[in-house]
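# Geometric and topological summary
Take a look at the letters that make up each chain.
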Amino acid sequence: MQELDQKKTIDILNTIMEFELAGVVRYTHYSLMVTGPNRIPIVGFFKAQASESLLHAQQVGEILTGLDGHPTLRITPMEETYKHSVKDILAESLSHEKKALELYKTLLDTVTNASVYLEEFARGMIGQEELHNLELKKMLRDFS
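The paragraphs below set out a description of the structure included in this document. Since the structure is predicted, the reported quantities are computational estimates derived from the model, not experimental observations.

A few words on a nonpolar patch on the surface. On the surface, V25, I75 and M78 cluster together into a nonpolar patch covering about 220 Å² of accessible area. Within the fold, I75 resides in the loop between α2 (39-66) and α3 (86-111).

Counting through the fold element by element, E119 comes out in helix α4 (residues 116-140). According to the relative accessible area criterion, E119 is buried, its value standing at 11%.

Our next topic: α2. Counting along an α-helix, one turn takes 3.6 residues, and residues three or four places apart therefore face a common direction. With 28 residues, α2 should reach 40 Å at 1.5 Å per residue; the first-to-last C-alpha distance of 41 Å fits that figure. Those residues of α2 not exposed but buried are I42, V43, F46, Q49, A50, S53, H56, A57, V60, G61, I63 and L64. After α2 finishes, the residue D68 shows a positive phi value of roughly 65°.

For the rest of this paragraph, the subject is unusual backbone geometry. The backbone of D68 shows a phi angle near 65°, a positive value even though the residue is not glycine. Position of D68 relative to the elements: it lies in the loop between α2 and α3. Classification of D68 by relative accessible area gives exposed; the value is 70%. Even without being a glycine, Y82 presents a positive backbone phi close to 60°. Mapped onto the elements of the fold, Y82 is located in the loop between α2 and α3. Looking at Y82, the relative accessible area reads 65%, which means it is exposed.

A few words now on the packing of α3 against α4. Taken N-terminus to C-terminus, the directions of α3 and α4 make an angle of 160°; their axes are 9 Å apart at the nearest point. By the angle between their axes, α3 is roughly antiparallel relative to α4. Considering only the axes of α3 and α4, their crossing is left-handed. A class-by-class count of the residues in the contact of α3 with α4 yields 17 nonpolar, three polar and nine charged.

The final tally for this structure, using the stated rule, is five aromatic pairs. Between Y27 and Y30, the ring centres sit 6.1 Å apart and the planes meet at 75°, which makes this aromatic pair edge-to-face. Taken together, the residues span about one helical turn, with Y27 and Y30 both in helix α1 (residues 6-33) at a distance of three residues. Summarising the burial analysis for this pair, Y27 and Y30 share the class buried. Arranged with centres 5.9 Å apart and planes meeting at 20°, the rings of Y27 and F46 form a pair that is stacked.

Thresholds applied
Each chain carries its own residue numbering, running from 1 in the direction its sequence is written. In view of the model being predicted, local features appear only for residues whose pLDDT reaches at least 70, and side-chain atom pairs are presented and counted only at 80 or more, with totals across whole chains, interfaces and linings using the full set of residues. Each side-chain value is worked out from all heavy atoms of the structure, with water and hydrogens disregarded. The patches described consist of residues with a relative accessible area above 30% and no salt bridge, like charges being joined within 9 Å and nonpolar side chains (Val, Leu, Ile, Met, Phe, Trp, Tyr) within 5 Å. Only the protein chains shown count as cover for residues, with accessible areas throughout obtained via the Shrake-Rupley method and a probe of 1.4 Å. When a carboxyl oxygen of Asp or Glu is within 4 Å of a side-chain nitrogen of Lys or Arg, the pair counts as a salt bridge. Per the convention used, a helix needs a DSSP run of H or I reaching at least four residues, while a strand needs a run of E reaching at least two, with both numbered from the N terminus. A 1.4 Å probe rolled over the protein chains alone gives each residue an accessible area, and that area as a share of the maximum for its type sets the label: buried under 20%, exposed over 50%, partly exposed in between. Given a helix with a known number of residues, its expected span is that number minus one, times 1.5 Å. For helices, the axis comes from a line fit to the C-alpha atoms of the stretch in contact; other axes are also lines fit to C-alpha atoms, and the angle between any two N-to-C directions lies between 0 and 180 degrees. Angle categories are assigned with fixed cut-offs, so that under 35 degrees is roughly parallel, over 145 is roughly antiparallel, 65 to 115 is roughly perpendicular, and the rest are oblique. Crossings are sorted by hand: turned counterclockwise from the far helix by less than a right angle, the near helix makes the crossing left-handed, and turned clockwise it makes it right-handed. By the convention adopted, Pro, Cys, Tyr, Trp, Phe, Met, Ile, Leu, Val and Ala count as nonpolar, Lys, Arg, Asp and Glu as charged, and the other residues, Gly among them, as polar. For Phe, Tyr and Trp, where Trp contributes only its six-membered ring, two rings pair if their centres lie within 6.5 Å, and the inter-plane angle classes them as stacked under 30 degrees, edge-to-face over 60, or tilted in between.

Written out as structure tokens, the structure reads:
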């Protein structure tokens, strides 16, 4: 095994943490903006996404501190589009999830052959993000 590039890993983990914390804000906002006859299940979906983003941020923060890193207090900047149709919100969510997938893949590339634990963590998170992408694509199908 090679040696873990601790600084690079900490930097990536902080970027992920900022992104996951932004997800908490994003998905909470979306849950408040949904209207229409399918509001109840879609609101539940977004609230669950917000909770999951918080859990991911907490997991990343625990890893960061375990590596002697300092978890960020920042969140990734977000643009308010003022587009609140269910289709627009789902499309924005898909874009967010694709970016999250890219970040976890970057983490995996950085830790491969350097840390079994971090490799497995990254792989697990990639699996979760891929599932979110699939779910959002299915939710968007009726809008095509």
